[in-house]
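# Survey of secondary and tertiary structure
Residues per chain are reported as follows:
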Amino acid sequence: MATQDTLLYFSSRGRAEAIRMLYLMAGREFNDTRTTNEKWLQEKNENPVALGQLPVLFTEDGVFCQSNVIARYVAKKLGLMGDNLREETTHDLVVEITMEFINYNGQNIYKHVLFGVPEPENFAEVKEEVKEYITKRLLYIQSIAEKEGKEYIVSDEIGLADIWLYTGLELCRVPFPDIMDFTPWTTEFAAKFTSNKKMKSYLESRPPSQFHGL
Ligand SMILES: N[C@@H](CCC(=O)N[C@@H](CS)C(=O)NCC(=O)O)C(=O)O
């Protein structure tokens, strides 16, 4: 019998939640190991793993870092990244577009809101501009989903693209509590995603995040 993979991350959702949800959707057991900043700092100095950043995934195929690489590895291994090259590429496209708005929000908003850099005078305008940036990308993802014409973005089952998008939206919720309703399509997408039986019971019982609920 194959040994279980072990995911190492902090007690938050952050860059690991999508990976956790992939195992959940595939019904595959894994070790969801959560550490603290203090413990990790000590551990990585004593016994450095990969680049010294989390998440890290320990598998029979090796030790992997970089959250989106780990997610793609897990999604491919568990059959959640499409049945052919076109579908796989579509999942990838949604991952990259989502990464783009997560990073944009991080660079323009979280650096002020979470990491102590003083807010600029025109912060309200900056927020509005970030909202437009995100909305443009959500509309494009909508166009991809409409072209596919399935229940979820790429197929009739929840896959990497859906999980990545949902967790990406969650990651931007501090400045934008209404982000799931930025477009009518996202409202519908989030409702479908969160009412999926497995996902619903996970979302109702998952551990709280120790980092601003993120
Ligand atoms: N590009 C990497 C970034 C990883 C990263 O920045 N991880 C942060 C937590 S979200 C971290 O490990 N910080 C603690 C440290 O560097 O010691 C990824 O996507 O996995």
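Residues numbered from 1 in each chain as written. Predicted model: local features only at pLDDT ≥ 70, side-chain atom pairs only at ≥ 80, totals over all residues. Heavy atoms only, no water.

As annotated in an unreviewed UniProt entry, the protein carries the name hpgds and is attributed to Bugula neritina.

## Brief notes about the overall build of the protein
Here is the rule we go by: Elements are defined by DSSP. Helices are runs of H or I of four residues or more, strands are runs of E of two residues or more, and each kind is numbered from the N terminus. When we talk radius of gyration, it's over C-alpha atoms, and the globule rule is simply 2.2 Å times the number of residues to the 0.38.
Each helix and strand counted, the protein has eight helices and four strands in total. Listing every helix and strand of the protein by position from the N terminus yields β-α-β-α-β-β-α-α-α-α-α-α. Scaling as 2.2 N^0.38, a compact globule of 214 residues should have a C-alpha radius of gyration of about 17 Å, and the protein matches this with 17 Å. Considering only C-alpha atoms, the protein reaches an extent of 50 × 45 × 30 Å along its principal axes.

## What about the environment of G159?
For G159, the position within the fold is in the loop between α5 (123-148) and α6 (160-171). Between the C-alpha atom of G159 and that of M81, which follows or precedes it by 78 residues, the distance is 6.1 Å.

## A look at the site of the ligand
Note the cut-off: The rule for a residue being near a molecule or strand is that one of its heavy atoms must lie within 4 Å of it. Two N or O atoms form a polar contact when they lie within 3.5 Å of each other; inside protein one atom must be a possible hydrogen donor and the other a possible acceptor, and for residues adjacent in sequence the pair counts only when both atoms belong to side chains.
Close contacts around the ligand come from Y9, F10, R15, W40, K44, G52, Q53, L54, P55, Q66 and S67, and that covers them all. A distance of 2.8 Å separates an oxygen atom of the ligand from a polar backbone atom of L54. Side-chain polar atom of S67 to an oxygen atom of the ligand: 2.6 Å apart, as the coordinates give it. At the level of elements, β1 (6-10) and α2 (37-46) are the ones that each hand at least two residues to the shell around the ligand.

## Regarding the sheet that holds strand β3 (residues 56-59)
Threshold: The pairing criterion for strands is at least two bridges between them, as found by DSSP. Here an angle of 0 to 180 degrees is reported between the N-to-C directions of two axes, which are lines fitted to C-alpha atoms, with helices fitted over the stretch in contact. In what follows, residue pairs with any heavy atoms lying within 4.5 Å of each other are defined as contacts.
An order of β2-β1-β3-β4 is seen for the four strands of this open sheet, with the pairing classed as mixed. Each edge of the sheet is formed by a strand with only one pairing partner; in this case those strands are β2 (31-35) and β4 (62-65). Neighbour-to-neighbour, the strand axes of the sheet open up by a mean angle of 20°, direction not taken into account. The sheet contacts of helix α3 (residues 67-77) involve β3 and β4, and relative to β3 the element is tilted by about 35°.

## Side note on the UniProt feature "domain: GST N-terminal" (unreviewed entry) in the protein
Selection rule: UniProt positions are given in the numbering used here, feature names are shortened, and annotations may be inferred rather than shown by experiment.
Per the UniProt record, "domain: GST N-terminal" (unreviewed entry) is annotated on residues 3-82. For the annotated span residues 3-82, helix accounts for 39% and strand for 22% of the residues, and the straight-line distance between the end C-alpha atoms is 25 Å.

## Looking at the layout of surface pockets
Convention followed: Of the grid points, spaced at 1 Å and generated over the protein atoms alone, those admitting a 1.4 Å probe that cannot get out make up cavities, while open sets with protein on both sides within 12 Å along at least five of seven lines make up pockets; any residue with an atom within 4 Å of a point is treated as lining. Grid points are joined across faces, edges and corners, and a volume is the space filled by probe spheres set on the points. A domain assignment, automatic or from a database, supplies the domain bounds used here.
Put simply, the largest pocket is a space of about 1,000 Å³. Forming the walls of the largest pocket are 36 residues, and the residues nearest its centre are Y9, G14, R15, L54 and F211. At the level of elements, β1, α2, α3, α4 (85-113) and α6 are the ones that each hand at least two residues to the lining of the largest pocket. Of the residues forming the lining of the largest pocket, the biggest block, seven residues, is contributed by α4. Mapping the lining of the largest pocket onto the domain boundaries places at least three of its residues in each of domain 1 (6-80) and domain 2 (85-196).

## Quick word on the packing of α3 against α4
Applied cut-off: Here the angle decides the label: under 35 degrees means roughly parallel, over 145 means roughly antiparallel, 65 to 115 means roughly perpendicular, and every other value means oblique. The hand of a helix crossing depends on one turn: near helix anticlockwise from the far one by less than a right angle means left-handed, and clockwise means right-handed.
For the pair α3 and α4, interaxial distance at closest approach is 12 Å and the crossing angle is 155°. The angle between the axes of α3 and α4 places the two elements in the roughly antiparallel class. α4 is crossed by α3, and the crossing has right-handed handedness. Residues N68, R72 and K76 of α3 touch α4, and the partners they reach there are E88, D92, V95, E96 and M99.

## A closer look at unusual backbone geometry
Between L54 and the following residue, P55, the backbone shows a cis peptide bond with an omega angle of 10°. As for its placement among the helices and strands, P55 is situated in the loop between α2 and β3. The backbone of Q66 shows a phi angle near 75°, a positive value even though the residue is not glycine. Residue position: Q66 is located in the loop between β4 and α3.

## Looking at the environment of T135
Our working definition: Burial classes follow relative accessibility: with a 1.4 Å probe on protein chains only, a residue under 20% of its type's maximum area counts as buried, one over 50% as exposed, and anything between as partly exposed.
One can find T135 in helix α5. On the basis of relative accessibility, which here comes to 17%, the residue T135 falls in the buried class. Along the chain, T135 and K111 lie 24 residues apart, while their C-alpha atoms are 20 Å from each other. Aside from chain neighbours lying at most four places away, what touches T135 is F182 and T183. Looking at T135, its side chain comes within polar contact range of the main-chain oxygen of K131, at 2.7 Å.

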